[in-house]
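# Working through the structure, step by step
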Amino acid sequence: MTSPAWTDDEIIAGLHEFAEARGLPLPAPTKAADEFEALTGFPMAPLLRRIYCEVADGGFGPYGGVVSLTESKRRFSHEGSLARVYRKWASEPGFPPSVVPLVTLGGVIWWCLDLSTPQGVMWGMDENACDHHYVSPQDVTLAEWLTDWLLGNDTFPTIPPVPDCPHC
């Protein structure tokens, strides 16, 4: 990614335009964000919370859009809700509890977000990678990732091999 991050307000404005043009769902209620934070034990990155509660309940972002915060008939990334996908992956051995899968890039590859960081560091997940290292932090924040996407770039996470790992 080469684009510097826009401000949160610039990203929100760009996402409002995208949501209106694509007919995305209405924003999620703040109660849904509160319930998700209680489920994970981590606060949402402030930008992500603003997007869900001020712009749209899913559908923004690359590859069909970020999964909805609430259970919805309209599905993005082939998942019913962020809570559902979080529960699924949080139960996997080695999956960091602060990392939330946001959008799939075709089923086995996901963009994820680390909730333990206020700026929201993005992570990549590739189920085809080593069972011990299939999820890895990326060198990009949520704001940088969204800015890059709003500028028309589709990026792909990379899972680097771990030197000396007998499983990689």
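Quick summary incoming for the structure in this document. (Residues numbered from 1 in each chain as written. Predicted model: local features only at pLDDT ≥ 70, side-chain atom pairs only at ≥ 80, totals over all residues. Heavy atoms only, no water.)

## Examining the packing of aromatic side chains
Spelled out, the test is: By convention, a stacked pair of Phe, Tyr or Trp rings (six-membered ring in the case of Trp) has centres within 6.5 Å and planes under 30 degrees apart, an edge-to-face pair has planes over 60 apart, and any other such pair is tilted. Think of it in three bands: with a 1.4 Å probe and only protein chains considered, a residue is buried below 20% of the maximum accessible area for its type, exposed above 50%, and partly exposed in between.
Inspection of the entire model under this criterion finds five aromatic pairs. On the basis of an interplanar angle of 70° and a centroid distance of 5.6 Å, the ring pair of Tyr52 and Phe60 is categorised as edge-to-face. Phe60 matches Tyr52 in its accessibility class, with the two residues each being buried.

## Side note on the sheet that holds strand S4 (residues 135–141)
In plain terms, the rule: Here, any two strands with at least 2 DSSP bridges between them count as paired. Under the DSSP-based scheme used, a helix requires at least four consecutive residues in state H or I and a strand at least two consecutive residues in state E, with every element numbered from the N terminus. To get an axis, fit a line to the C-alpha atoms, keeping to the stretch in contact for a helix; angles then go from 0 to 180 degrees between the N-to-C directions.
The four strands lie next to each other as S1-S2-S3-S4, forming an open sheet whose pairing is antiparallel. The sheet terminates laterally at strand S1 (99–104) and S4, the two strands that pair on one side only. Within the sheet, the average angular offset between the axes of one strand and its neighbour, ignoring direction, is 35°. Across six bridges, strand S2 (residues 109–114) lies against strand S3 (residues 121–126) in antiparallel orientation. Bridged to Asp114 within S3 is Val121.

## A look at the pattern of salt bridges
Stated precisely, the cut-off is as follows: Each salt bridge in this description consists of a side-chain nitrogen of Lys or Arg and a carboxyl oxygen of Asp or Glu lying within 4 Å of one another.
Applying the stated rule across the entire model yields six salt bridges. For Asp34, the salt bridge goes to Arg49, with nearest N and O atoms at 2.6 Å. With Asp34 in helix H2 (residues 30–40) and Arg49 in helix H3 (residues 46–55), this residue pair connects regions lying 15 residues apart in the sequence. The residue Glu71 makes a salt bridge to Arg84 at a minimum N-O spacing of 2.9 Å.

## Digging into the pairing of S2
Within S2, six of the six residues are buried, leaving the element largely enclosed by the surrounding structure. The two faces of S2 match: Ile109, Trp111 and Leu113 on one face and Trp110, Cys112 and Asp114 on the other face are all buried. Where S1 meets S2, five bridges bridge the pair, whose relative direction is antiparallel. Within S2, the position partnered with Val103 by the bridge is Trp111. The loop that links S1 with its antiparallel partner S2 comprises four residues; one of these, Gly106, has a positive phi angle of about 120°. Connecting S2 to the antiparallel partner S3 that follows it, the hairpin turn spans six residues, and Gly120 within it adopts a positive phi of roughly 75°.

So, to be careful, I would describe these as geometric facts and stop short of saying anything about function.
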